[in-house]
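Listed below are the residues making up each chain.
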Amino acid sequence: MTTLPNQTEKKLGLVIDLDICVGCHACVTACKGWNTENYGAPLADKDAYGAEPVGSFLNRIHSFEVQPETGPAQLIHFPKSCLHCEDAPCVTVCPTGASYKRTEDGIVLVNETDCIGCGLCAWACPYGAREMDPVEKVMKKCTLCVDRIYNDNLPEEDRQPACVRTCPSNARHFGDLGDPGSDVSKLVAARGGVDLMPEQGTKPVNQYLPPRPKDEEIDVLAPFLAPVTEDPKGFLGWLGKTLERLG
Amino acid sequence: MHPARSIIIFTTLSGLGFGMLVFLGLGMPRVTGGTAFAFFAIAYLLAVGGLLASTLHLGHPERALKAFSQWRSSWLSREGCLAVATLLVMALYGAALVFAGTRIAPLGWLGAALSLGTVYATSMIYAQLKTVPRWNHWTTPALFIGYALTGGSLLCGQISLAVPFLVVLGAAQLAVWQMGDKRFAHSGTTMATATQLGGIGAVRAFEPPHTGTNYLMTEMIHIVARRHVGPLRIIAFALMTILPWLLLFVLPFHHLLAALAVLSHLAGVLVSRWLFFAEAEHVVGLYYGKR
């Protein structure tokens, strides 16, 4: 049924640290790999080695340049995948019931054998989290690696989403955001985690940690060095002074 | 949004077909026997043809029956259910007119109401989407119903009704274009809210996630289409309102001219429906620095 549960027992989701992400795309590769070999239809590519390659991905990394009023521009790498929203508009628009949100942990999933590939859920998602598979013609989305996190056949350290497990800079964290005592909830509280597009009213579970303020003085030793005059000496100094007198 | 041919044909033709069924249900015109058959055949061809066209864009049309199950939450499902209910009720009503020559008026009224409900549900598939600010407004269902009633009155030969409908529809379409142009800016969704980086400074998309394109971009970011919006709006407006009005009310009445008026209106609606999709901008474009 594509009505949303009033409440979920857990709110499993990701916390993404924009201060740490280095934009290496390792999570994209790990996600593509795991989700091509395991749960559901494989994530297909078309024309992979041709002139116009296109494929389905559940996780994509954008990069944004932010220009503060003063100081240099900042480059921020921005991983984006399904945010497993509490008020997921992608679920309620589904005409077949293929799209659903689990009551036990809040994960938003697609039952691929019920999906008619109409694409309306992708239109309803403001974040671009759903992509139609170009070969299977069913909607693909992040499953929060539901086939890893409860998988007793895997060693305990591997029971987390592939993107989180692979991240070399620990910019991605996985846990229950409905439990205020969980590590991820504490992290969100400490760092001021935010919702993306809050005005869309989706109440996303995934949280983004904003970049920390940059240090004003980048070179910590600079204040201890002898000051260097900015006025030129010699001929250039004489020329400058003469021109100033004339002007 | 990508103006997919199947969706444009679906919304245009089925809108006209269900618009016709509204008037046939109300007994306008009062037809029986062979004439009734001809009217009902055209209405059903348009309505069913449109619905069939809509299945062309499905990835798995063989599972389309499942789409009748989620009417509690999904407008797309409601649209399917209402369409089938309308077609069944109007088939009974039409059969009585054609074969028995009797008009079961309450059944006709029910069919007319269901027809309007179907058009409303179709429009709500788009109007419900917060992600497309241009559509997310009560004027979307109002305009869809206006199109259905105008086209229906033209096809059912209700000339005295078609005049005010053409005028009101024309004015409404102009107003919707005008208001729609500002709605994305008014929605409050910007690259700053999308990234939540606006607190640091001005945000600019620096590098996309990939060098090529993807499903999201081909489906929801359709910039090329918007280059010729001005002339296309004029063409749509002239074809769907001005030309039919000239052909029907300024020139002396002739069946051939009336048929031309209907065709001109249909062509105009197709162009305006193309614009409805091509002009609509999805908020996901903000992540790509495009709209």
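Note: the structure precedes this text.
Residues numbered from 1 in each chain as written. Chains lettered and ligands numbered in written order. Predicted model: local features only at pLDDT ≥ 70, side-chain atom pairs only at ≥ 80, totals over all residues. Heavy atoms only, no water.

Draft legend 1. The arrangement of the overall build of chain A in detail. Assigned secondary structure in chain A consists of seven helices and eleven strands. In terms of C-alpha radius of gyration, chain A reaches 24 Å, well past the compact-globule figure of 18 Å for 247 residues. The C-alpha extent of chain A, read off along each of the three principal axes, is 85 × 50 × 40 Å. When contacts within chain A are restricted to residue pairs at least 6 apart in sequence, those whose partners lie at least 24 apart make up 60%. For chain A, the accessible surface area stands at approximately 12,200 Å², while carbon and sulfur atoms represent 54% of it. (Helix = DSSP H or I, 4+ residues; strand = E, 2+ residues; numbered from the N terminus. Rg over C-alpha atoms; globule rule 2.2 N^0.38 Å. Contact = heavy atoms within 4.5 Å. Areas by Shrake-Rupley, 256 points an atom, 1.4 Å probe, with all protein chains shown as cover.)

Draft legend 2. Quick look at the interface of chain A and chain B. Each side of the interface is counted separately: chain A has 59 residues, and chain B has 57 residues. By the criterion of area lost to chain B, the three top residues of chain A are A:Phe64, A:Ile116 and A:Trp123, representing 17% of everything that side buries. The interface formed by chain A and chain B holds two salt bridges in total. Going through the elements one at a time, β4 (59–67), β5 (74–81), α3 (120–124) and β8 (131–132) of chain A are the ones with two or more residues in the side of chain A that touches chain B. At eight residues, the largest contribution of residues to the side of chain A that touches chain B is made by β4(A). (Buried area = accessible area lost by both parts, 1.4 Å probe. Salt bridge = Lys/Arg side-chain N within 4 Å of Asp/Glu carboxyl O.)

Draft legend 3. Region of the structure containing helix α5 (residues 139–155) of chain B. Under the 1.5 Å per step criterion, the end-to-end length of α5(B) is 24 Å for 17 residues, consistent within 8% with the ideal 24 Å. Of the residues trailing α5(B), B:Gly157 is marked for its positive phi of about 70 degrees. (Expected span 1.5 Å × (residues − 1).)

Draft legend 4. Local environment of the pattern of salt bridges. Residue and element names in this part refer to chain A. Counted by the stated rule, this structure contains 17 salt bridges over all chains. Here aspartate 17 ties to arginine 191 by a salt bridge, and the two come within 2.9 Å at their closest N and O atoms. You can see aspartate 17 sitting in strand β1 (residues 12–17) and its partner arginine 191 sitting in helix α6 (residues 183–191), a full 174 residues away along the chain. As a salt-bridge pair, glutamate 104 and arginine 102 come within 3.6 Å of each other at their nearest N and O atoms.

Draft legend 5. The arrangement of the packing of aromatic side chains in detail. Taken as a whole and judged by the stated rule, the model has 17 aromatic pairs over all chains. Relative to B:Tyr287, the ring of A:Phe78 lies with its centre 6.1 Å away and its plane at 40 degrees, an arrangement referred to as tilted. Placement of A:Phe78 in strand β5 and of B:Tyr287 in the segment after α10 (255–278) is noted, with the two residues assigned to different chains. A single burial state applies to A:Phe78 and to B:Tyr287, both of which are buried. (Phe/Tyr/Trp six-rings, centres within 6.5 Å; stacked < 30°, edge-to-face > 60°. Buried < 20%, exposed > 50% of the residue type's maximum accessible area, 1.4 Å probe, protein only.)

Draft legend 6. Structural view of the nonpolar core. In terms of nonpolar packing, the biggest core is built from 113 residues, with A:Trp123, B:Tyr126, B:Trp135 and B:Tyr287 touching the most fellow members. A total of ten residues in this core trace back to one element, the largest contributor, which is helix α1 (residues 5–25) of chain B. With near-sequence residues (within four places) excluded, A:Trp123 lies in contact with B:Met1, B:Tyr126, B:Leu129, B:Thr131, B:Trp135, B:Glu219, B:Met220, B:Phe277 and B:His282. B:Ala162, B:Leu247, B:Leu248 and B:Val262 belong to the second largest nonpolar core, which has eight residues in total. (Core = buried A, V, L, I, M, F, W, Y, C linked by side-chain atoms within 4.5 Å.)

Draft legend 7. Here's a closer look at the environment of B:Trp109. All names here are of chain B. Within the secondary structure, tryptophan 109 sits in helix α4 (residues 105–127). On the accessibility criterion, tryptophan 109 (51% relative accessible area) is exposed. For the pair tryptophan 109 and valine 22, spaced 87 residues apart in sequence, the C-alpha to C-alpha distance is 8.2 Å. What tryptophan 109 contacts, discounting residues up to four positions off in sequence, is Gly25, Leu26 and Arg103.

Draft legend 8. A look at the sheet that holds β1(A). Residue and element names in this part refer to chain A. If you trace the three strands from one edge of the open sheet to the other, you get β10-β1-β11, paired in mixed fashion. Across the chains shown, the open sheet's two edge strands, defined by having one partner strand only, are β10 (172–176) and β11 (207–209). Along the sheet, successive strands turn relative to each other by an average axial angle of 25 degrees, direction set aside. Both β1 and β10 contribute to a ladder of five bridges, which runs antiparallel. Within β10, the position partnered with leucine 14 by the bridge is phenylalanine 174. Each of β1, β10 and β11 touches α6; the most contacted strand, β10, lies at about 120 degrees to it. (Pairing = 2+ DSSP bridges. Axes fitted to C-alpha atoms, helices over the stretch in contact; angles between N-to-C directions.)

Draft legend 9. The arrangement of the sheet that holds strand β1 (residues 202–207) of chain B in detail. Strand order in the open sheet formed by three strands is β5(A)-β4(A)-β1(B), with antiparallel pairing between adjacent strands. One side of each edge strand has no neighbouring strand; the edge strands of this open sheet are β5 of chain A together with β1 of chain B. Recorded for the sheet is a direction-independent mean angle of 35 degrees between the axes of neighbouring strands. Examined bridge by bridge, β4(A) and β5(A) share eight bridges and lie antiparallel to one another. Along β5(A), the bridge assignment pairs A:Glu65 with A:Leu75.

Draft legend 10. Spatial organisation of the pairing of β4(A). Most of β4(A) sits out of view: seven of its nine residues are buried. Counted along the chain from β4(A) to the antiparallel partner β5(A), the turn is six residues long, and its residue A:Gly71 has a positive phi close to 90 degrees. Direction of pairing for β4(A) relative to β1(B): antiparallel, over a ladder of five bridges. Following the sheet pairing, A:Glu65 is matched in β1(B) by B:Arg204.

Draft legend 11. Quick look at helix α1 (residues 26–37) of chain A. Residues and elements named next belong to chain A. The terminal C-alpha atoms of α1 lie 17 Å apart, and with twelve residues this matches the ideal 16 Å at 1.5 Å per residue to within 8%. Residues of α1 that are buried include every one of Cys27, Val28, Ala30, Cys31, Lys32, Trp34 and Asn35, and no others. Turning to α1, the residues buried within the fold contact β2 (45–46), β3 (54–55), β4, α4 (146–149), α5 (162–166) and β10.

Draft legend 12. Main features of the packing of helix α9 (residues 229–250) of chain B against α10(B). All names here are of chain B. α10 packs onto α9 with a crossing angle of 160 degrees between their chain directions and a minimal axis gap of 8 Å. With respect to their mutual orientation, α9 and α10 come out roughly antiparallel. Every pair of crossing elements has a handedness; the one defined by α9 and α10 is left-handed. Tallied by class, residues from the contact of α9 with α10 come to 18 nonpolar, four polar and one charged. (Parallel < 35°, antiparallel > 145°, perpendicular 65-115°, else oblique. Left-handed = near helix turned anticlockwise from the far one by under 90°. Nonpolar A, V, L, I, M, F, W, Y, C, P; charged D, E, K, R; others polar.)

Draft legend 13. Structural view of the side chain of B:Thr139. Counting through the fold element by element, B:Thr139 comes out in helix α5. Residue contacts for B:Thr139: discarding those within four places in its chain leaves B:Val176, B:Met179 and B:Arg183.

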